Protein chains: 2
Amino acid sequence: MKKIVIFGVGLIGGSFALALKAANKNPKTGLQIVGVGRSQASLQRALALGIIDTIAASVEEAMADADLVLIAAPVAQTAAILTSICPYLQAGTIVTDAGSTKSDVEAAARAVLGNKIAQFVPGHPIAGRESNGPDAAIVDLYIGKKVVLTPLPENTAEDVAKVAAAWRLCGAIIHQLSPQQHDEIFAAVSHFPHMLAYALVDQIANKSQADVMFQYAASGFRDFTRIAGSSPEMWRDISLANRHALLGELSVYQAQLMRLRHLLEAGDGAGLEAIYSNAQQARHDWITAIESAEKQNKEGGN
Amino acid sequence: MKKIVIFGVGLIGGSFALALKAANKNPKTGLQIVGVGRSQASLQRALALGIIDTIAASVEEAMADADLVLIAAPVAQTAAILTSICPYLQAGTIVTDAGSTKSDVEAAARAVLGNKIAQFVPGHPIAGRESNGPDAAIVDLYIGKKVVLTPLPENTAEDVAKVAAAWRLCGAIIHQLSPQQHDEIFAAVSHFPHMLAYALVDQIANKSQADVMFQYAASGFRDFTRIAGSSPEMWRDISLANRHALLGELSVYQAQLMRLRHLLEAGDGAGLEAIYSNAQQARHDWITAIESAEKQNKEGGN
């Protein structure tokens, strides 16, 4: 790969660029990273930080002879970016993305790209930080992190392997799921917890005693609500994009809370303890499993 | 204070003992820490670790000429411990506790102690770790941490000041609330979040795909669910003890989730963003405030 185009040169796209540059041992092979974005200020900053080599004068220029295109913009912009790309999408170019939801991205890509859909390999790097923008980009963001690819039936194995290889160069571990599996899983373990954390902080903030209450919140509350410090715009988009799976999780959780209400009202300590114990045990097993996996990764690479 | 009796020589009681010993600059003044508990193994361990000076042969012996008694056992045992203490409670002895709920402790103390109620000053140190037992006790657990006292109308100012002074020797910052205020506040910022975290982990653990889902859970999920790693028995007791306030929080939260459901179903991005933004801003303001307070404490003591 020689020419890589990145739409969105912030944390995700910028870190991808930095990692690829670092992995490119021989600068003479001429890896060229081209930035595209809505904000000229971000593009100039990414150029100054050495994240990108050039700012594209136009999408047409960016796409000419591109080997790989990464769309690393907010997921709600994916369709618009694909629309801008499509007229200039050459046969040899592979397009991938970094969106947190995949069913909607697949649907948008099918609608926009039509018979070029085989060139689009959807992906989702499971990495993030609380900060954003080109200044947040770091070379080692993806080391040891999962990247989930959700290949489409139309993708060639070769193209999927190329996208996987680029992420592996960044240090990532490649997983594959269907877009639907991806969205169900991430609704449960990521999107829905964000919604719960936002809902709780909003609830406390709306109380007349909010200031006093926050004064007594301690480290447990701080950790529980850390994800409520995330970008509201980004999570609005993710919530809407994955609302089908989110509504499923929400229904089950509403039933859980009703169960807890009945147990509290009945003073049923054994019933409460059964739920708490099941959760504690499951979390303990999970932590044990990830710590063991982290150890193996450190010892044996990925 | 010369003779201090501790019921429950684990994390909370043991750390209190260690901090008082460390603060007692002149060992010749003869501070004596006496341990009482249900588990002889824990008491022996606390003795071996130098947390306590002696194991009481009986409650009667422990209570003889005691200056201060700290009840640091699971909150559900408070009434039984007060009952065992009451016959031997001398006029000069002050009793306090470390329970996470206060209205129920006040009610139990009134029922058990009767006209000796003035000698009981309820308290709650806001400090903890995930581990328990005498081995978890550390000398600096309370440094910079809040201890909430919820004095009763019958308490003398002098007795409240003595309990406060003991905690200040451990490095804690003293706050005062009514038992009802205490329970409402901690329901919102501690007890209810624990219930939500347990409910979510239980929900995922009960899915047929649980193993795959946990595999993709990342650091946001880990932080959000950290409190679901807490002791199920302890949180069963707290949930029951504070169920009135918990049911209040639960009702508001159930309405929040219904609101989120309607917004998702309607695809109302602006409505979702309004809740998420309010939460993000409130959390940001809170974090800024506590970081500024921590800085002041470091600079100027408490």
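Everything quoted here is computed from the prediction, not taken from an experiment.

Draft legend 1. Quick look at the pattern of salt bridges. Scanning all chains against the criterion turns up 26 salt bridges over all chains. The residue Asp 202 of chain A makes a salt bridge to Arg 259 of chain B at a minimum N-O spacing of 3.7 Å. In this pair, Asp 202 of chain A sits in helix H7 (residues 179-205) while Arg 259 of chain B sits in helix H11 (residues 243-266), so the two residues belong to two different chains. Salt-bridge contacts for Lys 21 of chain B lead to Asp 53 of chain B; the nearest nitrogen and oxygen are separated by 2.6 Å. Placement of the pair is Lys 21 of chain B in helix H1 (residues 11-23) and Asp 53 of chain B in the loop between helix H2 (40-48) and strand S3 (54-55), with a sequence separation of 32 residues. Overall, Asp 53 of chain B belongs to the partly exposed group, its relative accessible area being 32%. Among the ionic contacts, a cluster of salt bridges with common partners joins Glu 106, Arg 110 and Glu 154 of chain A.

Draft legend 2. Region of interest: the domain arrangement of chain A. All names here are of chain A. Partitioning chain A into domains gives domain 1 (3-177) and domain 2 (182-267). Contact with domain 1, which involves 14 residues of that partner, is made by 11 residues of domain 2. Taken together, domain 1 and domain 2 are joined by 0 salt bridges. Counting the contacts that link domain 1 with domain 2 gives 4 residue pairs in polar contact (both at pLDDT 80 or more). Residues that form the side of domain 1 that touches domain 2 fall into these classes: 6 nonpolar, 5 polar and 3 charged.

Draft legend 3. Inspection of the side chain of Arg 283 of chain B at higher detail. With respect to the helices and strands, the residue Arg 283 of chain B is situated in helix H12 (residues 269-300). Residue classification places Arg 283 of chain B among the buried positions, given a relative accessible area of 7%. Those residues within four positions of Arg 283 of chain B in sequence are excluded, and the remaining contacts are Val 201, Arg 222, Thr 225, Arg 226, Ala 228 and Gly 229 of chain A.

Draft legend 4. Fine view of the packing of H7 of chain A against helix H11 (residues 243-266) of chain A. Residues and elements named next belong to chain A. The N-to-C vectors of H7 and H11 enclose an angle of 65°; their axes lie 9 Å apart at closest approach. Crossing of H7 against H11: the hand is right-handed. Packed against H7, whose contacting residues are Asp 183, Glu 184, Ala 187, Ala 188, His 191, Phe 192, Met 195 and Leu 196, the element H11 presents Ala 245, Leu 246, Glu 249, Leu 250 and Tyr 253 at the interface. When grouped by side-chain class, the residues that make up the contact of H7 with H11 number 9 nonpolar, 1 polar and 3 charged.

Draft legend 5. View of the pairing of strand S4 (residues 68-71) of chain B. Residue and element names in this part refer to chain B. Here S4 shows no split at all, with Leu 68 and Leu 70 on one side and Val 69 and Ile 71 on the other all buried. Relative to S4, strand S1 (residues 3-7) is paired through 4 bridges, and the arrangement is parallel. Bridged to Ile 4 within S4 is Leu 68. Direction of pairing for S4 relative to strand S5 (residues 94-97): parallel, over a ladder of 4 bridges. Paired with Leu 70 across the bridge in S5 is Thr 96. Regarding the hand of the β-α-β motif, the stretch spanning S4, helix H4 (residues 78-85) and S5 is right-handed.

Draft legend 6. Representation of the side chain of Asp 183 of chain B in the model. Residues and elements named next belong to chain B. By the element assignment, Asp 183 lies in helix H7 (residues 179-205). Although Asp 183 lies buried, it forms no salt bridge, and the closest oppositely charged side chain, Lys 102, sits 6.8 Å away as judged by the N-O distance. Polar contacts involving the side chain of Asp 183 include one to the main-chain amide nitrogen of Lys 102, which spans 2.9 Å. Apart from residues lying up to four places away in sequence, Asp 183 is in contact with Thr 101, Lys 102, Ser 103, Asp 104, Asn 242 and Ala 245.

The rules behind these values
- Residues numbered from 1 in each chain as written.
- Chains lettered and ligands numbered in written order.
- Predicted model: local features only at pLDDT ≥ 70, side-chain atom pairs only at ≥ 80, totals over all residues.
- Heavy atoms only, no water.
- Salt bridge = Lys/Arg side-chain N within 4 Å of Asp/Glu carboxyl O.
- Helix = DSSP H or I, 4+ residues; strand = E, 2+ residues; numbered from the N terminus.
- Buried < 20%, exposed > 50% of the residue type's maximum accessible area, 1.4 Å probe, protein only.
- Domains from an automatic or database assignment.
- Contact = heavy atoms within 4.5 Å.
- Polar contact = N/O pair within 3.5 Å; in protein donor to acceptor, adjacent residues only side chain to side chain.
- Nonpolar A, V, L, I, M, F, W, Y, C, P; charged D, E, K, R; others polar.
- Axes fitted to C-alpha atoms, helices over the stretch in contact; angles between N-to-C directions.
- Left-handed = near helix turned anticlockwise from the far one by under 90°.
- Pairing = 2+ DSSP bridges.
- Right-handed = clockwise from strand over helix to strand, strands pointing away.
- Lys, Arg positive; Asp, Glu negative; His and termini not counted.

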